[in-house]
Amino acid sequence: MAVFVLTDGLKKLIGTAEPPLLYKIEEGSIQRFARAVGDSNPMHNDVEFAAQSEFGRLKAPPSFTGWPVTSGFDMFQFVEKLIAAGAPRGNLDGSVEYEFKAPIGAGDMLVAVIKIANIEGKETRMGPTMVTTLETTYTNQRGEVALIARNQFLSF
Amino acid sequence: MAKQLYYEDVEVGSEITPLKKIATTRMLVQYAGASGDFNPLHYEEDFAKSLGVGKPIVHGLLKRAWLVNLMTDWIGEKGGLKKLSCRYRGMDYPRKMKTFDEPHDGDTWWCKGKVTKKFVQGDENLVECEIWVENDKGEKNTTGSALTALPSKAK
Amino acid sequence: MAAFVVTDSLKQLIGQKEKPVVLKIEEGAIQRYARAVGDSNPLFSDVEYAAQSKWGRVMAPPGFTGWPIASGFDMFKLFERLAKAGAPMGLLDGGVEYDFLAPIGDGDILVMEIKIAGIEGRETKMGPTMVTTIESTFTNQRGAVALITRNTFLNF
């Protein structure tokens, strides 16, 4: 067993960003997501209820936005890119961290920028392991950063 | 996109440009999410076995969507699809995934069709087609028909 | 082998209507569907392209709307109800028939009315089989019937 050693190709990816994605938050996709995770909060499901609330519209559950739930982003291609640069094929989600800065709701238009914040070599019980940290910043139509998400995943 | 098809371009017997499709387990999951059809028949081995179909099968509605894709690609933006119907006559089984993106070897499907009738009704130029999805063995497990209106070069 | 015999409680379900469901047609859902079925027509996925087209918005591929693609409609409940009334447990999709009467696209609001149009007993290669036809009518915000679908299910 040993620590995973980063290739030069992988080191070069650190700090690179994916092309920005425009992310339109729709009522239907909030409802679909809430049903899929079993969240029956009417703020995420009931259009009329949400309209009467102080927020005034359907609110996205805080877990709704965050890589890779990004319409238009092909996470498989992204992982293949890492593999082409020398990442091992085994792949597991490691952790996620959110900073919620402004609520997100139906009708919002977010711009998501996904950046490879870091790639590290480690040794885990899976053997030599590469740990990739992605940082995604979501900026809303008012220019406010609504969310910063950090996803870590393990390649081994 | 292919160039616009006109009523004058087709005759009875004309072939619709075939469309190739490969169903994978990943595509079935994606289709379930996009369509809301979460029938376990399409992802749960034992459940599928208990229904007597052996293993999870491709959604009939996904094959139907392929036939729609076949028609709308062929008729182009000026064509209008008026009717479509299909029947599911046999089971199709998705390929399993080898990598995130790449499926194992297995079945490939072709959506095909041909013109069975063309006629003018009112101010519309109508074309009727028989359409189907066939697998490598030439088995037509999904068959149907479509009625479409095409633009005319005369107008 | 014999034809399936339709019970009285099943006969009573014929003609029964489900509670109407309001469907809001949204761009993101259309894009997600087009990706899922592998349809790369830009009219169904490319917002800018679609805006320049004669429709001026992302259009739904024919068949995007059609039971059971019905946010808020639980098809399993309907199947359970049929099972309770005597339908055999085995279930397969038999076929579908569409009448496309008006185009459907982003921003449309449809009212979907679902009716059990027919229940018949037959004999098929699965044995005694019950054939259920469900007719759905979709009316748009301009009051025009945009779509009629007839779905056939086999219980065996």
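Residues numbered from 1 in each chain as written. Chains lettered and ligands numbered in written order. Predicted model: local features only at pLDDT ≥ 70, side-chain atom pairs only at ≥ 80, totals over all residues.

Asker: Report on the environment of Phe-156 of chain A, specifying residues and quantitative values.
Answerer: Inspection of the secondary structure assignment puts Phe-156 of chain A in the segment after strand 5 (145–155). It is 33 Å that separates the C-alpha atoms of Phe-156 of chain A and Thr-139 of chain A, two residues lying 17 residues apart in sequence. (Helix = DSSP H or I, 4+ residues; strand = E, 2+ residues; numbered from the N terminus.)

Asker: Explain the sheet that holds strand 1 (residues 21–24) of chain A residue by residue, including any values.
Answerer: Residue and element names in this part refer to chain A. Across the sheet, which stays open at both edges, the five strands sit in the order 1-3-4-5-2 with antiparallel pairing between neighbours. Only two strands of the sheet have a single partner each, and these edge strands are strand 1 and strand 2 (91–100). Pairwise comparison of adjacent strand axes, ignoring direction, gives a mean angle of 30° for this sheet. Here ten bridges tie strand 4 (residues 127–139) to strand 5, and the two strands are oriented antiparallel to one another. Note on strand 5: the bridge partner recorded for Thr-132 is Phe-153. (Pairing = 2+ DSSP bridges. Axes fitted to C-alpha atoms, helices over the stretch in contact; angles between N-to-C directions.)

Asker: Can you lay out the interface of chain C and chain A for me, pointing to particular residues and giving the numbers?
Answerer: Contacts between the two partners involve eight residues from chain C and, on the opposite side, eight residues from chain A. Looking at which element gives the most residues to the side of chain C that touches chain A, the answer is helix 2 (residues 27–37) of chain C, with five residues. Within the side of chain C that touches chain A, the residues separate by chemical class into one nonpolar, three polar and four charged. (Contact = placed C-beta atoms within 7 Å. Nonpolar A, V, L, I, M, F, W, Y, C, P; charged D, E, K, R; others polar.)

Asker: So, the packing of helix 1 (residues 25–35) of chain B against helix 2 of chain C: which residues are in play, and what are the values?
Answerer: In contact at an axis separation of 9 Å, helix 1 of chain B and helix 2 of chain C are set at 155° when each is read in the N-to-C sense. In terms of their interaxial angle, helix 1 of chain B and helix 2 of chain C are classed as roughly antiparallel. For the crossing formed where helix 1 of chain B meets helix 2 of chain C, the hand is left-handed. Contact residues: Gln-30, Tyr-31, Ala-34 and Ser-35 of chain B in helix 1 of chain B; Arg-32, Tyr-33, Ala-36 and Val-37 of chain C in helix 2 of chain C. The class makeup of the residues in the contact of helix 1 of chain B with helix 2 of chain C is five nonpolar, two polar and one charged. (Parallel < 35°, antiparallel > 145°, perpendicular 65-115°, else oblique. Left-handed = near helix turned anticlockwise from the far one by under 90°.)

Asker: Outline the interface of chain B and chain C, supporting the account with residue identities and numerical values.
Answerer: With 29 residues of chain B at the contact, the number on the chain C side is 25 residues. Where the side of chain B that touches chain C is concerned, the elements lending two or more residues are helix 1, helix 3 (60–75) and strand 2 (80–88) of chain B. Counting residues per element, the side of chain B that touches chain C draws most heavily on helix 3 of chain B, at ten residues. As judged from the five bridges shared by strand 2 of chain B and strand 2 (residues 91–100) of chain C, these two strands associate in the antiparallel manner. Opposite Arg-87 of chain B, over in strand 2 of chain C, you have Gly-95 of chain C as the bridge partner.

Note that all results are geometric; they support no functional claim without further evidence.
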